[in-house]
Amino acid sequence: MSLSSEFSRPFATLPDECFFPDRSEECARIGRFLASPNHLILTGPKGSGKTSLVLTAVRATGRPFVYVDVSQALSVTDLAALLLQSFLSLFAPEDFRDLVAGFRAWPTITYDAGTNTFGVSFPAGANPDAALEDVLSVLEKKSDPERRLVVIFDEFQEILSLGAGLDGKLRTILQLQENINYVFVGSRESAMTELFGNVRSPFFHFGLVMRPAELPRDEIARRLAEHWVPFAKEKAEELAENILVMTNARSPYTRMLAETVAEALLLKVDDPFRFALERLMRRHNLDYERLWRSFNLTNRKVLDAVSRNAPLHSVTERESTVYTAAGRLVKEGVLIRTSRYEVEDPFFALWIRRQRQRAALPSASSGF
């Protein structure tokens, strides 16, 4: 099937305007806040555009910045290496030696001419706390007080998985720094709340908490429907509403399903919503199977109940055990808690329900 570029181009990837509001005011607000000596905490669900918002806002200030995705760090030492790698990109290679001259463990810096990128690693025996402290110290030392460095920790809640007490050690270092603005971005909201909202946490009230603005559900539906009118015609509004019901209007899943529906519309299938849903189920079946098998029996019972909107007290386990399991799944980001418990990934919830239905197929013969 040949498709004209006139239609295939806008449908290949839905524009951000379908899912996000105008972010100029948010960018300006972040820029004004970072003009102060304070720190920013940005929290919201995956796919809500937090990272792109922060990077756009920081770039607009013209100030130097360091960015690291904490979820990609394999250890405290690796986190230090990633921070240093991003920081060194602000300098010419001939300056690298002077920048790390006082480090207690000498880092290895490699350059890939093919991609014009370089990597940083510390020796296997390096003291992780010393490596992290040395890197953060050089960031502070080289930051210009008149044009402060901005350090962005994406998925910051993952520091909790890198080692016991890391949050306390990190806070001890950061609270003594005066020339850096820190931005902490996180998508696991329960963990971010624990880090910054728990009075016993070292990071309690360490900065201003901000959430990215979200479009109202009705507005998302309207924008999607308008975008699809050339192909879906009178079915455009129904398609948009079906998507939002399925995803509970959660940004990443709404976008994922909407873009798959857009593919179906291009293919001119009879039922684009069903086609898109089945395609996503096939695409992620193996991932969901592996995820399901990673849970113990109690967690599976909780997930099964939540996916069916059944109350937790219907689970055949001790009530304390069930609610402990549910709380743990919330911390891990598998469940979320609004007015009730929900599976964070609505497609995983659908997969769980379908697997239950397929666990006892009806016999093909009449039998008795």
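Structure shown above.
Residues numbered from 1 in each chain as written. Predicted model: local features only at pLDDT ≥ 70, side-chain atom pairs only at ≥ 80, totals over all residues. Heavy atoms only, no water.

Trainee: Would you mind going over unusual backbone geometry in detail, with residue names and values included?
Mentor: Even without a glycine there, the phi angle at Glu 155 is positive, about 50 degrees. Structurally, Glu 155 is set in the loop between β5 (149-154) and α7 (166-174). If you check the backbone angles, Ala 249 has positive phi at about 60 degrees while not being a glycine. Tracing the backbone shows Ala 249 in the loop between α10 (236-247) and α11 (251-267). (Helix = DSSP H or I, 4+ residues; strand = E, 2+ residues; numbered from the N terminus.)

Trainee: Quick rundown of the side chain of Ser 48? Include the residues and the values.
Mentor: The topology assignment puts Ser 48 in the loop between β1 (40-43) and α3 (50-61). A distance of 2.6 Å separates a polar atom in the side chain of Ser 48 from the backbone oxygen of Pro 45. (Polar contact = N/O pair within 3.5 Å; in protein donor to acceptor, adjacent residues only side chain to side chain.)

Trainee: How would you summarise the sheet that holds strand β7 (residues 208-210) if you had to cite specific residues and measurements?
Mentor: Taken in spatial order, the 5 strands of this open sheet run β2-β5-β6-β1-β7, and their pairing is parallel. For this open sheet the edge positions go to β2 (65-69) and β7, each flanked by a neighbour on one side alone. Taking each pair of neighbouring strands and ignoring which way they run, the sheet shows an average axis angle of 15 degrees. Summarising the sheet, β2 and β5 pair through 5 bridges and their orientation is parallel. Note that in β5 the partner of Phe 65 across the bridge is Val 150. (Pairing = 2+ DSSP bridges. Axes fitted to C-alpha atoms, helices over the stretch in contact; angles between N-to-C directions.)

Trainee: Could you give an account of the packing of aromatic side chains, naming the residues involved and the relevant values?
Mentor: Counting across every chain of the model gives 20 aromatic pairs. Between the aromatic rings of Phe 103 and Phe 122, the centroid separation amounts to 6.4 Å while the plane-to-plane angle is 20 degrees, which identifies the pairing as stacked. Placement of Phe 103 in the loop between α5 (96-99) and β3 (108-112) and of Phe 122 in the loop between β4 (117-121) and α6 (128-142) is noted, with a sequence separation of 19 residues between them. Just as Phe 103 is buried, Phe 122 falls in that class too. Residues Phe 153 and Tyr 182 carry aromatic rings whose centres are separated by 6.0 Å and whose planes lie at 10 degrees to one another, so their mutual orientation is stacked. Here the residue Phe 153 occupies a position in strand β5, and Tyr 182 occupies one in strand β6 (residues 180-186), the gap between them amounting to 29 residues. Its relative accessible area of 0% is what places Phe 153 among the buried residues. (Phe/Tyr/Trp six-rings, centres within 6.5 Å; stacked < 30°, edge-to-face > 60°. Buried < 20%, exposed > 50% of the residue type's maximum accessible area, 1.4 Å probe, protein only.)

Trainee: How would you explain the side chain of Arg 250 if you had to name every residue and give the values?
Mentor: You can see Arg 250 is positioned in the loop between α10 and α11. With a relative accessible area of 13%, Arg 250 lands in the buried category. If sequence neighbours within four positions are ignored, Arg 250 has contacts with Ile 336, Glu 342, Val 343, Glu 344, Asp 345 and Pro 346. (Contact = heavy atoms within 4.5 Å.)

Trainee: Could you give me a rundown of the nonpolar core, with the residues and numbers involved?
Mentor: Within the largest apolar cluster, 53 residues are counted, with the highest numbers of intra-cluster contacts made by Trp 228, Leu 257, Leu 303 and Leu 335. Examining the composition of this core, we find that 7 residues originate from one element, helix α12 (residues 272-293), more than from any other. Counting 46 residues, the second-largest nonpolar core is a separate cluster that includes Ala 81, Phe 122, Tyr 182 and Leu 195. (Core = buried A, V, L, I, M, F, W, Y, C linked by side-chain atoms within 4.5 Å.)

Trainee: How would you summarise the environment of Asn 285 if you had to cite specific residues and measurements?
Mentor: Mapped onto the elements of the fold, Asn 285 is located in helix α12. For Asn 285, a relative accessible area of 34% translates into the label partly exposed. Along the chain, Asn 285 and Val 261 lie 24 residues apart, while their C-alpha atoms are 18 Å from each other.

Trainee: So what's going on with the environment of Thr 172? Which residues, and what values?
Mentor: The residue Thr 172 is located in helix α7 in this model. Through-space distance from the C-alpha of Thr 172 to that of Arg 318 is 41 Å; in sequence the pair is 146 residues apart.

Trainee: Break down the pattern of salt bridges for me, with residues and values.
Mentor: Applying the stated criterion across every chain, the model contains 19 salt bridges. We note a salt bridge from Arg 222 to Glu 226, for which the minimum N-O separation is 2.5 Å. With a gap of 4 residues between them, Arg 222 and Glu 226 both fall in helix α9 (residues 217-232), about one helical turn apart. The class for Arg 222 is partly exposed, based on a relative accessible area of 38%. For Glu 226, a relative accessible area of 51% gives the class exposed. With a closest N to O distance of 2.9 Å, Glu 263 and Arg 279 form a salt bridge. Highlighted residues: Glu 263 in helix α11 and Arg 279 in helix α12, separated in sequence by 16 residues. Put simply, Glu 219, Arg 222, Arg 223 and Glu 226 are held in one network by salt bridges that share partners. (Salt bridge = Lys/Arg side-chain N within 4 Å of Asp/Glu carboxyl O.)

Keep in mind that these numbers describe shape and distance, not what the molecule does.
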